[in-house]
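# A closer look at the structure
Here are the chains, one letter per residue:
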Amino acid sequence: MISEECLAALTDCNSPIAETDLMSLSGIDSSELQSLKEIWANIDNKRRASILDKLIALSEARMEAEFNNIFKFCLVDEEPFIRCKAIEGLWECDDRTLVGSLITIMELDESEDVRISAASAIGKFAVLSQTGKMLQKDAERIQHFLMKTISNNTESERVIRRAIEAVAPFNTSEIQSIIQSAYQSDQTGMKCSSLFAMGKSCDSRWLPLIVRELKSTQASMRYEACNACAELGEESAVPHLIPLFTDEDHETQMAAIYAVGAIGGDLAKKALLHCLKSSDDLAIEAAEEALQHLASIDEAIGFSSVR
């Protein structure tokens, strides 16, 4: 059970939250969770947000840390920003029962930000469904709901954009038409979502459009095009990504370096090694990480071939 000392520490807004107290919440069952539920509403909003931020950080840093029951409980918190953090915390959770909760949130939550977070999370399950890690009935439910959201004229554009991004892995002819229409939009945000969706579709037919947007005058489009190239993994994109290693937009620059590392190949390695000579410390760091990624892949392939 959660100790009284731990519960008292969580509610004390005047003291820092110790990692030991937070780790005592790892893996708690429904009966233990009840003790936390009884005090949760009495904890200051800022403190609740801080607790969730620290739980998310711990779950990323320590393999043994698992707070899914807490995050699931917080999906119904009264504060929208807490619900968003709860969805973020559940990003690594592959529990199929979560799909129903996320769909309900998208349908009923009054906060647009929360519905957007839920749509992005559903997109993860769409990807899983295409790798055989979801039941067919769950995949069909996800696809049907996202398509219904996209056609909902009363839904906000931001939520529809995320629904387009989320449904892309199913890659039907109807979805391809939706992505094409989004790309032809005069709204930059919608066009960015179309590029994101092109990458998630894993369909190389989109590559010419994506490569064209690497030269867009809008940094947001170049950034999304870099990420889409990384998703598709086509080596033919590498020569078009290399010039963006010195892009004036920092996020685009980092995305281009990451994409080249994700794609790999001889030219990619050569470009990343050359990037190590840059005067830009962040570019050097990104190139080093990309090269380490390529080395780990080569090592895994070598191990597999030996076996």
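The sections below set out a description of the structure shown in this document. The written sequence of each chain sets the order in which its residues are numbered from 1. Since the coordinates come from a predicted model, pLDDT governs what is reported: local features require at least 70, and pairs of side-chain atoms require 80 or more to be given and counted, while whole-chain, interface and lining totals use all residues. Side-chain figures throughout are based on the complete set of non-hydrogen atoms in the structure, without hydrogens or water.

A separate point is helix 6 (residues 80–89). Exposure categories follow from relative accessible area, calculated using a 1.4 Å probe and restricted to protein chains: below 20% of the type maximum is buried, above 50% is exposed, and the middle band is partly exposed. Secondary structure elements are defined from DSSP: runs of H or I of at least 4 residues count as helices, runs of E of at least 2 residues count as strands, and each element is numbered from the N terminus. The buried count for helix 6 comes to seven of 10 residues, which makes it a mostly enclosed element. Regarding helix 6, the residues found buried are Ile-82, Arg-83, Cys-84, Lys-85, Ala-86, Ile-87 and Gly-89. Residue contacts follow a heavy-atom distance rule, with two residues in contact if any of their heavy atoms lie within 4.5 Å. Where helix 6 is buried, its residues meet helix 4 (45–61), helix 5 (68–74), helix 7 (97–108) and helix 8 (112–129).

With that out of the way, let us pick up the environment of Phe-196. Residue position: Phe-196 is located in helix 12 (residues 188–200). A sequence separation of 22 residues divides Phe-196 from Gln-218, and the C-alpha atoms of the two residues are 15 Å apart.

Turning next to the pattern of salt bridges. Note on pairing: side chains with opposite charge can pair once their charged atoms come close. Any Lys or Arg side-chain nitrogen located within 4 Å of an Asp or Glu carboxyl oxygen qualifies as a salt bridge. Evaluation of the coordinates by the stated rule reveals 16 salt bridges. Glu-64 is the salt-bridge partner of Arg-62, the closest N and O atoms lying 2.9 Å from each other. For Asp-203, the salt bridge goes to Arg-205, with nearest N and O atoms at 2.7 Å. Residues participating in the shared-partner salt-bridge network are Glu-19, Arg-62 and Glu-64.

Here Thr-149 is to be found in helix 9 (residues 136–150). In this structure Thr-149 touches Met-106, Glu-155, Val-159, Ile-160 and Ala-163, once residues within four positions along its chain are discounted.

Before going further, it helps to examine the nonpolar core. Among buried residues, the Ala, Val, Leu, Ile, Met, Phe, Trp, Tyr and Cys ones that are joined through side-chain atoms within 4.5 Å form a nonpolar core. Ranked by internal contacts, the top residues of the largest apolar core, which has 108 residues, are Ile-70 and Ile-257. For this core, the element with the most residues is helix 8, which contributes nine residues. What Ile-70 contacts, discounting residues up to four positions off in sequence, is Leu-25, Ile-28, Leu-33, Leu-36, Leu-52 and Leu-55.

Any two cysteine sulfur atoms within 2.5 Å of one another count as a disulfide. This model, assessed by the stated rule, comprises zero disulfides. For Cys-6, which is in no disulfide, the shortest distance to another cysteine sulfur is to Cys-74 and amounts to 14 Å. Lacking any disulfide linkage, Cys-13 is separated from the closest cysteine sulfur, that of Cys-6, by 14 Å.

Aromatic rings from Phe, Tyr and Trp, with only the six-membered ring used for Trp, were paired whenever their centres fell within 6.5 Å, and each pair was classed as stacked if the ring planes differed by under 30 degrees, edge-to-face if by over 60, and tilted otherwise. In the structure shown here, the tally under the stated rule is two aromatic pairs. Arranged with centres 6.2 Å apart and planes meeting at 70°, the rings of Trp-40 and Phe-73 form a pair that is edge-to-face. Within this pair, whereas Trp-40 is found in helix 3 (residues 30–40), its partner Phe-73 is found in helix 5, the two being separated by 33 residues in sequence. When sorted by exposure, Trp-40 lands in the same class as Phe-73, which is buried.

Despite not being glycine, Asn-171 shows a phi value in the positive range, around 50°. In this fold, Asn-171 is placed in the loop between helix 10 (157–167) and helix 11 (173–183). On the basis of relative accessibility, which here comes to 22%, the residue Asn-171 falls in the partly exposed class. Here Cys-202, not a glycine, exhibits a phi torsion of approximately 55°, which is positive.

Structurally, Asn-227 can be placed in helix 14 (residues 219–232). Distance from Asn-227 to Thr-217, taken between C-alpha atoms, is 17 Å for residues 10 residues apart in sequence.

The axes used here are C-alpha line fits, helices contributing only the stretch in contact, and every angle between their N-to-C directions lies in the interval 0 to 180 degrees. Packing of helix 9 against helix 10 brings their axes to within 9 Å, and their N-to-C directions diverge by 145°. Relative to helix 10, helix 9 is oriented so that their crossing is left-handed. Only Val-159, Ile-160, Ala-163, Ile-164, Ala-166 and Val-167 of helix 10 make contact with helix 9, whose side of the interface consists of Gln-143, Leu-146, Met-147, Thr-149 and Ile-150. Classifying every residue of the contact of helix 9 with helix 10 gives nine nonpolar, two polar and no charged. If you view the pair so one helix is near and one far, a crossing is left-handed when the near helix is turned anticlockwise from the far one by less than a right angle, and right-handed when it is turned clockwise. Polarity classes work like this: nonpolar for Ala, Val, Leu, Ile, Met, Phe, Trp, Tyr, Cys and Pro, charged for Asp, Glu, Lys and Arg, and polar for all others, with Gly in that last group.

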